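Working through the structure, step by step
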Amino acid sequence: LSVGLAIGVASALTGYLSHPRFYCRYVECCPANGHRLNATALKAQLDTKLFGQHLAKDVVLKAVMGFQNNPSPKKPLTLSLHGWAGTGKNFLSQILAEHIHSAGLRSKFVHLFLATLHFPHHNQLQLYQEQLQNWIRGNVSACPQSVFIFDEMDKMHLGLIDAIKPFLDYYEEVDGVSYRKAIFIFLSNAGGDLINKAVFDFWTRGKQREEIQLKDLEPMLSVGVFNNKNSGLWHSSLIDKNLIDYFVPFLPLEYKHVKMCVRAEMIARGYAVDEEVVKAVADEMTFFPKEEKIFSDKGCKTVQAKLDIHEDT
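Residues numbered from 1 in each chain as written. Predicted model: local features only at pLDDT ≥ 70, side-chain atom pairs only at ≥ 80, totals over all residues. Heavy atoms only, no water.

**Describing the sheet that holds strand β5 (residues 246-249)**
Reading across from one edge, β2-β3-β4-β1-β5 is the order of the 5 strands in this open sheet, with parallel pairing throughout. Two strands in the sheet have a free side with no partner beyond their single neighbour: β2 (110-114) and β5. Shown here is a sheet whose adjacent strand axes are inclined to one another by a mean of 15°, direction ignored. Across 5 bridges, the pairing between β2 and strand β3 (residues 147-151) is parallel. In the sheet register, H111 faces β3, and the bridge partner there is F148. Strands β1 (77-82), β2, β3 and β4 (183-188) of the sheet are contacted by helix α5 (residues 89-100), whose axis makes an angle of about 165° with β4. Against the sheet, helix α7 (residues 125-142) makes contact with β2, β3 and β4, and its axis sits at roughly 150° relative to β3, the strand it touches most. (Pairing = 2+ DSSP bridges. Helix = DSSP H or I, 4+ residues; strand = E, 2+ residues; numbered from the N terminus. Axes fitted to C-alpha atoms, helices over the stretch in contact; angles between N-to-C directions. Contact = heavy atoms within 4.5 Å.)

Now the structure itself:
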């Protein structure tokens, strides 16, 4: 009787410990079908942490939520984020990754590729293409909701990114694997000059930046990136076959946005916000055009470093 009872207890305990709800509390699991993002929480975080990017926030939020709520998407969601350094492309990608997989960039289901680190040698282009295909195939097989982020697209070897074209296309399966629930995000400085010029034109006409709509920038941006040899998407089949769902412009940041970044960084460090320090840090940034000095030429990229020298204050 005792042996039988022990076996029964052990079996019950094993079953409980191996139950997905218990197991996934301690070991990261791929989200189950039907898992949905918390749109309210995602929007709140974007509103409080990403400054001066009304277009990017609106487009990405709607695109991701629409994709997540679609029970049978026809292709993976593919976003291409463009703008100068320091405008928030990496930051938005990080926030989005954290809401899809709670571990964010540390998740085994989120994959970050840096062009200069992972694909440094032009003469190994074919090898990189094969490795990239195998990596994506293996990881989507393990978790259909995998996220792939390609940073430094403007430094990517020409033709490399076309290796993943079959995975982004309207196929139900490729070699027995469905990629329709994955998300691909490209980050690039390419097109930043075009975006900046368009935003400056709005400013000179006396219009508010919040009046800028996606239709004002996206067509120009997609053509400009397609014809830019330094974009990583030069004459790419991904653009030619309309496989990139959205070209998302990140606008140049103004003085007021830089001050918002300084305040946010002070709060993140546990400091009380001192407006004199906020102004001092913002005043150390450089702005363009040369005469008007409207937009920060580094966005908020150097805010942390510049705040360091004011720590005593």
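This is not the end of the story, as more comes after the structure.
**Quick look at the packing of helix α3 (residues 39-49) against helix α4 (residues 54-69)**
Contact pair α3 / α4: the axes reach a minimum separation of 11 Å and the direction vectors enclose 165°. Judged by the angle between their axes, α3 and α4 are roughly antiparallel. Note on packing geometry: the crossing formed by α3 with α4 is right-handed. In this structure, α3 uses A39, L42, K43, L46 and D47 to contact α4, whose residues at the interface are K57, L61 and M65. Broken down by class, the residue content of the contact of α3 with α4 amounts to 5 nonpolar, no polar and 3 charged. (Parallel < 35°, antiparallel > 145°, perpendicular 65-115°, else oblique. Left-handed = near helix turned anticlockwise from the far one by under 90°. Nonpolar A, V, L, I, M, F, W, Y, C, P; charged D, E, K, R; others polar.)

**Quick notes on the pattern of salt bridges**
Tallied over the full model, the rule gives 12 salt bridges. In this structure, the salt-bridge partner of K155 is D154, at a minimum N-O distance of 3.6 Å. Given a relative accessible area of 44%, K155 falls into the partly exposed group. A salt bridge links K165 to D169; the nearest nitrogen and oxygen atoms lie 2.8 Å apart. Under the relative-accessibility criterion, D169 is labelled buried at 13%. When salt bridges that share partners are traced, they join K43, D47 and K57 into one network. (Salt bridge = Lys/Arg side-chain N within 4 Å of Asp/Glu carboxyl O. Buried < 20%, exposed > 50% of the residue type's maximum accessible area, 1.4 Å probe, protein only.)

**Some details on the packing of aromatic side chains**
For the structure shown, the criterion picks out 10 aromatic pairs. On the numbers, 4.9 Å between centres and 40° between planes, the contact of W84 with F288 is tilted. Here W84, found in the loop between β1 and α5, pairs with F288, found in strand β6 (residues 287-288); they are 204 residues apart in sequence, far enough to count as distant. Measuring from centroid to centroid gives 6.1 Å for F113 and F119, while their planes differ by 25°, and the two rings are stacked. With respect to class, F113 is no different from F119; both count as buried. (Phe/Tyr/Trp six-rings, centres within 6.5 Å; stacked < 30°, edge-to-face > 60°.)

**As for the UniProt feature "binding site: ATP" (unreviewed entry) in the protein**
On the UniProt side, "binding site: ATP" (unreviewed entry) is annotated at positions that read G83, W84, A85, G86, T87, G88, K89 and N90 here. Following the sequence through the fold, K89 ends up in helix α5. Apart from residues lying up to four places away in sequence, K89 is in contact with L81, H82, G83, W84, L187, S188, N189 and F250. A polar atom in the side chain of K89 sits 3.1 Å from the backbone oxygen of W84. Note on placement: N90 falls in helix α5. Excluding residues that lie within four positions of it along the chain, N90 makes contacts with D151 and L187. (UniProt positions renumbered as here; feature names shortened; annotations may be inferred. Polar contact = N/O pair within 3.5 Å; in protein donor to acceptor, adjacent residues only side chain to side chain.)

**Notes on the state of the cysteines**
In the structure shown here, the tally under the stated rule is 3 disulfides. In this model C261 forms its disulfide with C300; the gap between the sulfur atoms is 2.0 Å. The disulfide joining C261 to C300 has a torsion of about 85° about its S-S bond and is therefore right-handed. Placement of the pair is C261 in helix α12 (residues 255-268) and C300 in the loop between β7 (295-296) and α14 (303-308), with a sequence separation of 39 residues. C261 sits in the buried class, given a relative accessible area of 14%. Cysteine pairing for the protein (bonded cysteines numbered in sequence order): 1-2, 3-4, 5-6. (Disulfide = S-S within 2.5 Å.)

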